[in-house]
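# Overview (structure and organization)
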Amino acid sequence: MSFGETPITVIGNLTADPEIKFTTGGAALAKFTIASTPRVYDRESNQWKDGSATFFRCAAWRQLAEHTAESLTKGARVVAQGRIRQHDWKTDAGENRSMLVLEVDEIGASVRFTTVTINAKRPAQNGPAADDAWNTDTSPAKPKGDEPPF
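Residues numbered from 1 in each chain as written. Predicted model: local features only at pLDDT ≥ 70, side-chain atom pairs only at ≥ 80, totals over all residues. Heavy atoms only, no water.

### Overview of the pairing of strand β7 (residues 77-90)
- In the sheet, strand β1 (residues 8-14) pairs with β7 via six bridges, with the strands oriented antiparallel. Paired with T9 across the strands is Q81, a residue of β7.
- Across 13 bridges, the pairing between β7 and strand β8 (residues 96-109) is antiparallel. Within β8, the residue paired with A80 across the bridge is I107.
- Where β7 folds back onto β8 in an antiparallel hairpin, the turn is made up of five residues, including G94, whose phi is positive at roughly 90°. (Pairing = 2+ DSSP bridges. Helix = DSSP H or I, 4+ residues; strand = E, 2+ residues; numbered from the N terminus.)

### Things to note about the side chain of R83
- Of note, R83 is situated in strand β7.
- A polar contact of 2.8 Å, which involves the side chain of R83, links it to the side chain of E103.
- Looking at R83, its side chain comes within polar contact range of the side chain of D105, at 2.8 Å. (Polar contact = N/O pair within 3.5 Å; in protein donor to acceptor, adjacent residues only side chain to side chain.)

Now the structure itself:
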């Protein structure tokens, strides 16, 4: 995220399975829509009622796109964080068009109303993964066997 951008978090349900495409350069792009519907308690009827849904058109790129398409399906309740981007274009008829898109940086299944099983893809056990940006381990190889690593 660039300096000065305001992050936004959206909680809602996927309206359809994420659609994955690949650019001519090979980058994965997942497109999907999140419907966020507020619920309010009506004291007169003693029931919960749905408010007006807001639909967020979303895009995820590269590895996040592939993981999203492999992991989430229509109806899944998700928590997505990212930033709003405006896309402008002209139609073939010369009309100006504009659309807001949530460019997703993080997305996951919500466990508020259900449970999920995590299938973590872990790096090889013999050393840190080269593409693990969070890995700060610069120590030599770990001892093997029952010997503690300290």
